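Descriptive analysis of the structure
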Amino acid sequence: MKFLADLPRTLQQQVTNFMCRDIIASLPILRNANNALLNALVECAEMNIYSPNDEIVKKGEKPRGTILVAHGEVEVLKGDIVKRKMKRLDSFAEECLFVDKPTPFTVRSKGFSEIILIPSILFQKIIAAQCELKDIDEMREKSIAISKSTQKANKMFGSADDVTPSHGFLKHCHPNSFFRKLWGCLVFFGHIFYMISIPLSLMKVVDNEPFNVTPVLLTLGYAVDAFFIVDTVFEVHYFMYMDEGLIVFNKDYIHKHYLRTRNVLQETIGLLPFDLIIIFFEGRYCHYCRLLKLVRLPNILLYTESIGVMLSELKVEVDLSFVRVIKLNLVMFLVCHWVGCCWYMMARLSMRYRFDQNWIWSDENNYLFTVKHSDFNGFSAYLRSVYWAIVSMSTVGYGDILPKNILETTYATVVILFGGLLLPAVVGGLAANMSNFRFASKAFQKKLSKTRRYLLERVELGEDVIETILRYYNYNWSRRSGVVDQEIMNELSTPLRTHVSLFINEGTISSVPYFTRCDDTMKQLIILALQHQQFIPSDIIVEEGDVGKEMFFLHRGEAIATVSSMATVPFRILGSGDYFGESGLLQMSTTNFETVTAKTYCECFSLSRHRFDDVLEGSSVAKDVKADIANFLLRSSIRSKRVLQNISQRSKCTRLLVESELVKESSSTILKSAWVLLPSSPYYLTWNGVLFAACIYNAWMIPFRLAFKTSSDSYVAIDWVVDIFFVLDMFVNYRCVGFTQDGEVIVDVERIKRTYMLRRFKTDILSSFPFDLIASLFLPRVTSLAGGLYIGGILRGLKLIRFPRYFYVVEKVFAVLQDKKVPLAPLRMVEFFGGVILIAHLAACGFFTFARWNKNSSYCARSEGILSFGCQWDGTWIKRQIYNGKLPVDGGEVLQQYIRSFNWALPTLVMVVIGDVVPTTSPETLYVFLWIFVGVTINAYIIGNVANIIANLESEQNDFATKVDEIKRYMFRHHLSYDMHSKVDDFTRYLWIAHNGSANEDDFITRLPHSLRRITLQKRVKHIQNCPFFDFCSSEIVDALSMCMRPLVFCAGHTIAHAGDMGQEMFFLERGKVIVVSSDTQSTVFATLDEGSYFGETSVSS
C-alpha cells in the first residue's frame, strides 16, 4: 500500500478504515468499542499476504497478537489434523492480546490469504490510554472465554483427509504438475492444427471432392478430434483448478466449474464427428462439416501462455520480447494462411459460376511464368495463394497475381482494406517488442557508459581505477543481470521474503555451532536480520585488532585469513558457507584476532550486533548463546595459535603454503614475460577490429561468389590473407589473451589455454581450417550441383561461424569514441542500415541462385532470331527481366544481374512497392514468400530502432527539460515573481552545463563496495587533508569523513550560511567562488573564497 503515502492524512484514514476497521470491529471484545479506539487499533494493525501453505503461526510459538482473516481461507491444525477452518472475519488467539503463552496449534494459509495482526504490545498501550480499568478486565475475561469455547466448538470442518490427492493418475491432474503443463501445450498445438487444417478443407469445399482426396489431412484431423474428446473428459472430471490459491479437487466442483466457464453447446458442436458421419452418406460433403470445428477456436486464448509456462518448467530462459515477436509472427502467418486459402476458393467459385476469367487460369497461362499449380503434388496452388495474400496485405503489391472478375475483385478489395488495418498493428507490435530486445542489457550498457563518462570528467580517476569499477559492474551484471536483490525482496510479502531468505541462508545458519540453542523462529529472525554486502579482490573484510561490529557469512567467493605475526602466510582459506567475525556479536571490548581479505569477488551476509541483540531480546537462551560464542572464540583463538606455532616451527610447511599461494595469485597478477593481453587492451581491440573487417568481407563475398559464380586470383589472394588472420587469431587467443570471469581478469596462461579449448576451439577450427583448399585439391569440380556451385565454395561458408562473435567490437569502438565526445547517433544509424543492407545482400544472392539453378543453356538455340531471345533463362525471373528490357538478351554481366537481384531484395525487406522483379516459378514463390515474411519483421525492426536512436539523441537533455518544465509550471501556478523565475532559469542552465542536469551525480557511489567508494572519493579526501582542523585524524577517520560528504549546488547570490545561525554543516568549496560579507549591510566584503577553501568549521566543533 505504498500509494497511501501520497494521500493526505484524512484520506489515508478513510482508506485504512474501509480496509481494516470493519474486520477489527468484528472482534467480540471490541464490539462496544468507540471510534477513537478503533481508529487507533487500525493504525497499529499489520496486514500481510500469505501464499498457499505458508505458516502464519507455528506450533509452540508465542503469537504476537490476535490474527484476523481479511480475505482467503486459513487452517488451524494440530499435528496433521485440521481442527478449524477460518474465513473472512474469523479470528485466532484472542487471548494473546492479554496473555503471553505458546500455542499448541499451527496456523496455515490454505490459499492466498490476507491476514491482519493486532500486536499485543501496542494493543495494551492503546487500551491503557483510552479505556477504563473495568473495561480492560471485561475484555480480558471475554477473550479467555472465547478461546475456551472455540477449542470446544470448532470441529465441524474436515480433517487430515481434506488434502490434495497425490497418488495414481490424480497426482498428474494437479494444475501445477508437469503433465498438466505438457497437456496444455498439446491442446494449444491442437488448436493451431485446426487453424491450419480447416482453411485447407475450405479450399476443397467448392469442388465437393470426396474423402479420399485428402486422406492424410482428415486422418490427422480425426486424431486431433479424439484428443480433444479425451481432453474434455479430463476437464469435466479430473483436472483440478485453482480458486484464489486453493486447489479444488472435488469432482462435483470440477464439473460445475467446467459448466460455468465453458459454453457447453459450443463445445458439443465442436466435438461431435459430423464429418465422419457424413462419410457414410455422401463423402463429398465432409469438408463442409469440418468447418464446424471453428467453434472451438476461441478456446485457444485459454492456452496462449502454455508454451511460456512449459519453458519455465524446463528452466529455459527466453526473452519475453522475443516470445511476443514469435506470437505476432504466428498471428500474421495464420491470417495470411486463411486469406490465401479463401483466395484460392474465390478462383474455384469463379470456375463454378462460369466467369470468363479467374486468377488461376491467368497465373498458369502467363507465358512469362512457368508456374503449374499441380507442382509439388498441388502444394504450388496453395503457395501461390498464400504468396498473393502476404504480398497484398503487406502492401508490397508486386502486381503479378491480379483479380480477374468481380468476385475476385471484391474479395481483393476487402483483403487490402483489412490488411491495411491489420499490418500496421502487427508492425507496431513487432516494433515495440523488438526495440525491447535485451532491454535490461541495453539499460546496463547505457548506465555503464554514463558512469564511465562521469568518472572521467568529474572525478578524474585513472584508467586502471575506472576499469576496476567497470569490472565490478560487469560482475554484478553477470551474477544478477541488472536485478537489484534488495528491491526484489522489498516487493515480496513478509512470508515470501522469509521463505527466500531461508532458502538462501538456512543451511549456513544451521551449521553454526553456537546457534544450535536457537529455535526455528529465532533462526528465521536471524536470517531476516542479515544484510547483503559485496567485496572486490584485495578488500579487507575484517582487520585484526579492530573492534568488530558484525559477523559475516560468506555466500560466494573466496577469502584468506591471516594474522599480523605471519602476514604472508594464509593459515585459513574461506569459501562458500564459511563464517567469521564472531567477536562482532559480543561486547565492545572484543577485537578481531585475524585479518580476512577477499581473494576473489566475495558476496557476504552480515549480522550486526544491534540486530542480533534485537533478536535475542527477551529470549531465555540469550545468555547461553553469547556464552557459546565466547567459548567458540576462545577455542578458535587457541587452535589458531597452535596452527601458527606449528607453521613457524616447520619451515617446509611455511614454504609450501607461501608457494601454493603464489601459484594461486599468479592468476590475478599480470606477468609481462607471458605477453598476456588484457581484454580491454587497445591492441586487442585493434586486432579484433581487423578480424571483424575480415568477417564482413567473408559475409559479403562468400554468398556473392556462390550465387554469381565469380572467381579470380585477387579473390583467392584475399581469401588466403583472411585465413592466415584466422589461424593467427587462434594462436593469440590460445596463448596471449586474458578473459574476464565473474568480474575477475584471468591472465594465467594455463587457465587461458584450458578455457580456450573448452569454449572456442571447436568453432575456431571449423572456421579456420582451409576445407575449401582441401576440396579443390582432392575433389573434382561438380558442375551439375546447383548449376555450377563448387563444393569448396560451399565449405568456405563455414568461415561465417565467426561473424557473430565480433559484434561487440562495434560497441567497444563506440565506447572509445564516446570518451572522445564524438556523437554516436549518426554512427548508430550507419551501423543499423549497414546490417539491413547486408541482410538484403544475402537475400539477393539467394534469389539469383534460384535463377542460376534453373538456367539451361545446353538446349538453347544459338542462331539469330526469336528462339535465342533469352532462352537460356527460360523458367526463371531473369527471363521476365529480359522481356521487360531490364537486362540484355544474354542476361547481362554479373554486376547487372546483382543490381536487379538487389533491386528486388531491399524494397521487399523494407516493404516498399516496386514490383518490376517478381518470382515466376514455384520455388521462387516460396523463397519470396519467406523473405516477405522476414521483411515484415525487419521493417518493424527498422521502425523500432530508428525511433529509439532518434529518441536517444538527446534523451538525457529531454528528461532534464521535462523536469525544468514541471518546475516552471509550479512557479506559474503559485505566481512567483519574474526575478525568481530568472534565478531558477540560471540555476537549471548551470546545472545542465556543469553537471548534466543532476545536482547529485554520484548516487551510484553509494552502491559501490567500501574500497571502491573510498577510491572514488579521493578528491574529497584532499579537501579534508588540506583543512588543519583534521590534521590529528588518522587516514581511517579521514576516509570515513569523506564518505559523509555530500554535493550541494547553490545559485549565484544565494546565502549559504547566515551570521548568528546555529550551523550544522561545514562546507568545502569545489567549484566557483564565495564571498564573506558583513552581517548588517552585507555590503562589506571581508574575503573571497576560491576552490579548495572551506567555511562553517564552527558547526562541527560545537
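This text goes with the structure placed above it.
In this text the structure is predicted, and so the values were computed from the model without any measurement.

A look at the sheet that holds strand β6 (residues 91–92)
Across a sheet, strands are paired by hydrogen bonds formed along the backbone, either parallel or antiparallel in direction. One open sheet holds the four strands; their spatial order is β1-β8-β3-β6, and the pairing between them is antiparallel. A strand with exactly one partner marks an edge of an open sheet, and here the two such strands are β1 (46–50) and β6. One ladder, built from two bridges, connects strand β3 (residues 65–71) with β6; its direction is antiparallel. Paired with L68 across the two strands is S91, which belongs to β6. On the sheet, helix α3 (residues 120–130) packs against β3 and β8 (113–119) and is oriented at approximately 50 degrees with respect to β8.

A word on the nonpolar core
As a rule of thumb, nonpolar side chains are buried together in soluble globular proteins. With 89 residues, the main nonpolar core has V339, W388, Y411, I878 and W904 as its most contacted residues. In terms of residue count, helix α12 (residues 320–352) provides more of this core than any other element does, 13 residues in total. For I878, the residues in contact, after removing those within four places along its chain, are F848, A851, W873, L887 and G891. Core analysis: the next-biggest nonpolar cluster, separate from the first, contains 27 residues, V512, F515, F553 and V625 among them.

Concerning the pairing of β8
Residues in a regular strand point their side chains to alternate faces of the sheet. Within β8, six of the seven residues are buried, leaving the element largely enclosed by the surrounding structure. Sheet analysis places β1 next to β8, joined by five bridges and oriented antiparallel. Note on β8: the bridge partner recorded for I49 is E114. Where β3 lies against β8, six bridges are found, and the strand directions are antiparallel. The residue bridging L68 from the neighbouring strand is I116, located in β8.

With respect to the sheet that holds strand β11 (residues 531–535)
Read across the sheet, four strands follow the order β11-β18-β13-β16 without closing on themselves; strand pairing throughout is antiparallel. Where the open sheet ends on each side, the last strands, each with one partner, are β11 and β16 (579–580). Note that β11 and strand β18 (residues 602–608) share five bridges and pair antiparallel. Bridge pairing in β18 places H532 opposite F605. Those strands touched by helix α21 (residues 609–616) are β11 and β18, and its axis lies near 55 degrees from that of β18.

About the thresholds
Residues numbered from 1 in each chain as written. Predicted model: local features only at pLDDT ≥ 70, side-chain atom pairs only at ≥ 80, totals over all residues. Heavy atoms only, no water. Pairing = 2+ DSSP bridges. Helix = DSSP H or I, 4+ residues; strand = E, 2+ residues; numbered from the N terminus. Contact = heavy atoms within 4.5 Å. Axes fitted to C-alpha atoms, helices over the stretch in contact; angles between N-to-C directions. Core = buried A, V, L, I, M, F, W, Y, C linked by side-chain atoms within 4.5 Å. Buried < 20%, exposed > 50% of the residue type's maximum accessible area, 1.4 Å probe, protein only.

Everything listed here is a matter of coordinates, which is why it stays silent on function.
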